[in-house]
Amino acid sequence: GSGSGVVFTSDGYVITNAHVVEGADKMTVVAPDYKDPDTTKEYEATVVGSDTYSDLAVLKISRDDPFEYATLGDSDTVRVGQDVCVLGNPKQLLNSLTKGIVSGLGRASASNSAYGTSTIQIDAAINSGNSGGGLFDMYGNVIGIIDYKLVSNTSASIDNIGFAITINEAKPVINDLMTKGYVTNRPGLGEEISEYSAYMQGLESGGVYVTYISEDMPVAKSGLKVGDIISKVNGTAVSSVTDIQNIIAELNIGDTVELTVYRAGATGRYTTKTINVELAEIELS
């Protein structure tokens, strides 16, 4: 596979998308030889950290000479209608530049997760291979990281609707990936859940089925059990993993959430229970 990236430090740290590096046994970064832009050089890259929930990853490449690097800008200053450029490698056409405008702000991220970041919608052309590349303002500052484009699963045509992760929301993720290899300060329950399993249990209203509980997290002492089906969090009905993540994302580590759960008895009939769980820091990758 191939994608794009942004060198953002002189010692060779590179931002890209997590989905670009996912499953890769070997990573190679192809970059211009800055003294002669018509030639390129290849560098073996290591994955410093990757975070699927924000779809961001940091790579590291090395050489004796410092790298030219892009300046990370301020995406809070971005406005609808302003000119922007995308630089990347669509369909392996190295160093392709496309131009457009900002079409919208605050769009939901492709990860559809509470831990994802909001995005900048653009009409500049992006294609397969642009993922992880830079969205630049007209002063050459990186204001976003290209994430995805809308495509049609039918014969209907969708043109020029692309999205970039805002660089201001990406910065703390990038810093954590560089320094720790994962993203810190994310609250979670400390269990694994699946909405698919809830439907399999015959609960047409949905809910979220608990498939695993970490013994090292506060949830282990809460009374929640594998096989429980979470129907509400803090009084709000939930029918998907994303529903729960959206609620938890607004809370802090150490906060307590109230779970309303269905639990099957010996006869197979479900009873309703209320369980309080303290949120703890979780490591997601």
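Quick summary incoming for the structure in this document. Fair warning: this is a prediction, and the values are worked out from it, not measured in the lab. (Residues numbered from 1 in each chain as written. Predicted model: local features only at pLDDT ≥ 70, side-chain atom pairs only at ≥ 80, totals over all residues. Heavy atoms only, no water.)

Some words on the overall build of the protein
Helices and strands together make up the secondary structure of the protein, namely 4 helices and 20 strands. Counting across all 285 residues of the protein, residues that qualify as buried make up 45%. In the protein, the proportion of contacts linking residues at least 24 apart, taken out of those at least 6 apart, comes to 58%. Approximately 14600 Å² of the protein is accessible, and the part contributed by carbon and sulfur atoms is 45%. (Helix = DSSP H or I, 4+ residues; strand = E, 2+ residues; numbered from the N terminus. Buried < 20%, exposed > 50% of the residue type's maximum accessible area, 1.4 Å probe, protein only. Contact = heavy atoms within 4.5 Å. Areas by Shrake-Rupley, 256 points an atom, 1.4 Å probe, with all protein chains shown as cover.)

Some words on helix 4 (residues 241-248)
Turn by turn, an α-helix covers 3.6 residues, leaving residues three or four places apart pointing in a common direction. Those residues of helix 4 that sit buried are Ile244, Gln245, Ile247 and Ile248. Angularly, the buried residues of helix 4 cover 160 degrees about the axis, an arc narrow enough to put them on a single face. (Arc of directions from axis to C-beta.)

Brief notes about helix 2 (residues 167-179)
Here helix 2 is 13 residues long and its end C-alpha atoms lie 18 Å apart, about the 18 Å a rise of 1.5 Å per residue gives. Every buried residue of helix 2 is accounted for by Ile167, Ala170, Val173, Ile174, Asp176 and Leu177. Summarising the contacts, the buried residues of helix 2 are in contact with strand 2 (13-16), strand 4 (36-51), strand 5 (56-60), strand 6 (71-72), strand 11 (141-149) and strand 12 (162-166). Phi turns positive, to about 90 degrees, at glycine 181, one or two residues after helix 2. (Expected span 1.5 Å × (residues − 1).)

Some thoughts on the pairing of strand 3 (residues 27-33)
In terms of residue burial, strand 3 counts as a mostly covered element, since 5 of its 7 residues are buried. Pairing analysis gives 7 bridges linking strand 3 to strand 4, with the strands arranged antiparallel. Along strand 4, the bridge assignment pairs valine 29 with tyrosine 43. (Pairing = 2+ DSSP bridges.)

Brief notes about the pairing of strand 19 (residues 270-278)
As defined by bridge partners, strand 18 (residues 256-264) adjoins strand 19 across 9 bridges and the pair is classed as antiparallel. Bridge pairing in strand 19 places valine 257 opposite valine 277. The hairpin turn running from strand 18 into strand 19, its antiparallel successor, is 5 residues long, and glycine 268 in that turn takes a positive phi close to 90 degrees.

Some thoughts on the nonpolar core
Membership of the largest hydrophobic core comes to 21 residues, with the highest contact counts inside it found for Leu224, Ile230, Val233, Ile244 and Leu259. Mapped onto this core, the elements with two or more residues apiece are strand 15 (208-213), strand 16 (229-233), helix 4, strand 18 and strand 19. Within the second largest apolar cluster, 17 residues are counted, among which are Val6, Ile167, Ala170 and Leu177. (Core = buried A, V, L, I, M, F, W, Y, C linked by side-chain atoms within 4.5 Å.)

Topic: the side chain of threonine 16
Mapped onto the fold, threonine 16 is located in strand 2. Take threonine 16: its relative accessible area is 2%, and that puts it in the buried class. At 2.7 Å, the side chain of threonine 16 and the backbone oxygen of serine 4 are in polar contact. Leave out the neighbours within four places in its chain, and threonine 16 touches Ser4, Gly5, Val21, Asp55, Leu56, Ala57, Leu59, Ser131 and Gly132. (Polar contact = N/O pair within 3.5 Å; in protein donor to acceptor, adjacent residues only side chain to side chain.)

Looking at unusual backbone geometry
Trans is the prevailing form of peptide bonds, just as negative phi is the prevailing case for residues other than glycine. With a phi angle near 50 degrees, lysine 91 is a residue other than glycine that sits in the positive phi range. One can find lysine 91 in the loop between strand 7 (83-88) and strand 8 (96-107). One non-glycine residue, asparagine 160, adopts positive backbone phi at about 55 degrees. In this fold, asparagine 160 is placed in the loop between strand 11 and strand 12. Judged by relative accessible area, asparagine 160 falls into the partly exposed class, the value being 45%.

Looking at the environment of glutamine 82
Position of glutamine 82 relative to the elements: it lies in the loop between strand 6 and strand 7. Put simply, glutamine 82 and isoleucine 101 are 19 residues apart on the chain and 5.3 Å apart in space, counted from C-alpha to C-alpha. Glutamine 82 has contacts with Thr77, Gly100, Ile101, Val102, Asp137 and Ile143, leaving out every residue within four places of it along the chain. Within the local environment of glutamine 82, its side chain forms a polar contact with the backbone nitrogen of arginine 79, the two atoms lying 2.9 Å apart.

With respect to the pattern of salt bridges
In the structure shown here, the tally under the stated rule is 2 salt bridges. Between lysine 99 and aspartate 83 there is a salt bridge, with the nearest N and O atoms lying 3.7 Å from each other. Of this pair, lysine 99 sits in strand 8 while aspartate 83 sits in strand 7, and the two are 16 residues apart along the sequence. For lysine 99, a relative accessible area of 52% corresponds to the exposed category. On the basis of relative accessibility, which here comes to 35%, the residue aspartate 83 falls in the partly exposed class. Here arginine 263 ties to aspartate 228 by a salt bridge, and the two come within 2.8 Å at their closest N and O atoms. Here the residue arginine 263 occupies a position in strand 18, and aspartate 228 occupies one in the loop between strand 15 and strand 16, the gap between them amounting to 35 residues. The pair formed by arginine 263 and aspartate 228 is uniform in burial state, with each residue classed as buried. (Salt bridge = Lys/Arg side-chain N within 4 Å of Asp/Glu carboxyl O.)

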